[in-house]
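Structural description and commentary
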Amino acid sequence: MAYVTLAGAILSEILATTSMKYSEGFSKLWPSLGTALGYVLAFALLAQTLKTMSMGTAYAIWAGVGTAIIAAIGMVLLGESTSPVKVLGVLLVIAGVVVLNLGGAH
């Protein structure tokens, strides 16, 4: 169950961050509300995850997966620059999450 709530936290954070991009500095109402709601939900789900998963592992997965997906969204969907170094960085983040999971999430 911890991985389900963690996945929800990650998805909420991704949606919140993407909404923030479209809020134009919080000058647009709906994307701004989406940002706030997304982050509240993300932290609530992360807090639930921490009841049964170690903080270091949960936060590393949450931050790492969220960062990798947001970077990919930026490069693929929002036209942000892509370079071999950026792609390598994203792959290293993913590798770090995999290594943490191989050590076991407690």
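Our subject is the structure listed above.
**Overview of the packing of aromatic side chains**
Summed over all chains, the structure comprises two aromatic pairs. Between Y59 and W62, the ring centres sit 5.4 Å apart and the planes meet at 50 degrees, which makes this aromatic pair tilted. Within this pair, Y59 and its partner W62 are both found in helix 3 (residues 55-76), separated by three residues, close to a single helical turn. Residue classification places Y59 among the partly exposed residues on the basis of a relative accessible area of 47%.

**Considerations on helix 3**
The terminal C-alpha atoms of helix 3 lie 31 Å apart, and with 22 residues this matches the ideal 32 Å at 1.5 Å per residue to within 8%. Of the positions making up helix 3, those classed as buried are T57, A58, I61, W62, G64, G66, A68, I73, G74 and M75. For helix 3, the elements touching its buried residues are helix 1 (2-22), helix 2 (29-49) and helix 4 (84-102).

**Side note on the nonpolar core**
One finds L6, I10, L46, M53, I61 and W62 to be the most contacted residues of the largest nonpolar core, which totals 13 residues. At the level of secondary structure, the elements contributing two or more residues to this core comprise helix 1, helix 2 and helix 3. For I61, the contacting residues outside a window of four places in its chain are Y3, L6, I10, G66, V97 and N101.

**A closer look at the side chain of T49**
Along the chain, T49 turns up in helix 2. Of the polar contacts made by the side chain of T49, one reaches the backbone nitrogen of L6; its length is 3.2 Å. With near-sequence residues (within four places) excluded, T49 lies in contact with A2, T5, L6 and A58.

**Examining the environment of M20**
Following the sequence through the fold, M20 ends up in helix 1. Look at M20 and you get partly exposed, because its relative accessible area is 33%. Each C-alpha atom, one on M20 and one on P31, is 6.3 Å from the other, the two residues being eleven residues apart in sequence. Filtering out sequence-adjacent residues up to four positions away, M20 remains in contact with F26, T35 and Y39.

About the cut-offs
- Residues numbered from 1 in each chain as written.
- Predicted model: local features only at pLDDT ≥ 70, side-chain atom pairs only at ≥ 80, totals over all residues.
- Heavy atoms only, no water.
- Phe/Tyr/Trp six-rings, centres within 6.5 Å; stacked < 30°, edge-to-face > 60°.
- Helix = DSSP H or I, 4+ residues; strand = E, 2+ residues; numbered from the N terminus.
- Buried < 20%, exposed > 50% of the residue type's maximum accessible area, 1.4 Å probe, protein only.
- Expected span 1.5 Å × (residues − 1).
- Contact = heavy atoms within 4.5 Å.
- Core = buried A, V, L, I, M, F, W, Y, C linked by side-chain atoms within 4.5 Å.
- Polar contact = N/O pair within 3.5 Å; in protein donor to acceptor, adjacent residues only side chain to side chain.

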